[in-house]
Amino acid sequence: MKLEHYVIVFFITTITIFLVANYKVQTLEVLDNRTEEYNRNIDQAADDAMRDMIELTDSFSKEINLEECQQGFFNSLFASFGVVDSPTGQNRSEERRVGKECARTC
């Protein structure tokens, strides 16, 4: 083979390696962004649960309400991931859940 053939093979190989590496870096960036979003959602759900956990019965006593804490956590978590519309636990409408076009025709 001539030197030109080796140069062409080298450039094709280099470009292929660069494209694959670039794709993998972009994929890792997307995964990192999603991980950050999930962590924010879980932190928000935990904050909401902690707020719902302690109930002031009067000015001197507090009551821990684990059931409301658990419900508040999951409602907030579901809302942040789009399963329900709000942290109060209201379910999404059929149009929003499956898309307006599909809900009417499906």
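Thresholds applied
- Residues numbered from 1 in each chain as written.
- Predicted model: local features only at pLDDT ≥ 70, side-chain atom pairs only at ≥ 80, totals over all residues.
- Heavy atoms only, no water.
- Helix = DSSP H or I, 4+ residues; strand = E, 2+ residues; numbered from the N terminus.
- Buried < 20%, exposed > 50% of the residue type's maximum accessible area, 1.4 Å probe, protein only.
- Contact = heavy atoms within 4.5 Å.
- Areas by Shrake-Rupley, 256 points an atom, 1.4 Å probe, with all protein chains shown as cover.
- Expected span 1.5 Å × (residues − 1).
- Patch = residues over 30% accessible without salt bridge, like charges linked within 9 Å, V, L, I, M, F, W, Y side chains within 5 Å.
- Salt bridge = Lys/Arg side-chain N within 4 Å of Asp/Glu carboxyl O.
- pLDDT = per-residue confidence, 0-100.

Visitor: Is there a simple way to explain the overall build of the chain in this structure?
Guide: Scanning the chain from terminus to terminus reveals 4 helices and 2 strands. Shown N-terminal to C-terminal, the secondary structure of the chain runs as helices and strands in the order α-β-β-α-α-α. Within the chain, the fraction of its 106 residues that count as buried is 13%. Sequence-distant contacts, at least 24 apart, represent 26% of the contacts inside the chain between residues at least 6 apart. Carbon and sulfur atoms make up 60% of the accessible area of the chain, which totals about 8,900 Å².

Visitor: How should I be thinking about the environment of Gln44 in this particular structure?
Guide: Positionally, Gln44 belongs in helix H1 (residues 3–53). Taking the relative accessible area as the measure of exposure, Gln44 reaches 39% and is therefore partly exposed. When the C-alpha positions of Gln44 and Phe73 are compared, they lie 8.5 Å apart, and in sequence the two are 29 residues distant. Every residue in contact with Gln44, bar those within four places of it in the chain, is listed here: Arg51 and Ser76.

Visitor: Can you help me understand H1 in this one?
Guide: The α-helix advances 3.6 residues per turn, and as a result positions three or four apart in sequence lie on the same side. Helix length check: H1, at 51 residues, gives a terminal C-alpha distance of 74 Å against a target of 75 Å (1.5 Å per residue), a fit within 8%. Among all positions of H1, only Asn41, Ala45, Asp48, Ala49 and Met53 are buried.

Visitor: I'm lost on a nonpolar patch on the surface in this one. Help?
Guide: Judged by side-chain polarity, Met1, Leu3, Tyr6, Val7, Val9, Phe10, Phe11, Ile15, Phe18 and Leu19 come together as a nonpolar surface patch covering roughly 1,100 Å² of accessible area. By secondary structure assignment, the location of Val9 is in helix H1. Overall, Val9 belongs to the partly exposed group, its relative accessible area being 45%.

Visitor: What's the story with the confidence of the model for the chain in this structure? I'm lost.
Guide: In regions of low pLDDT, the predicted coordinates are not meant to be interpreted in detail. Averaged over all residues, the pLDDT of the chain equals 76, while 68% of them reach at least 70. For the chain, per-element mean pLDDT is lowest for helix H3 (residues 94–98), which scores 49, and highest for H1, which scores 89.

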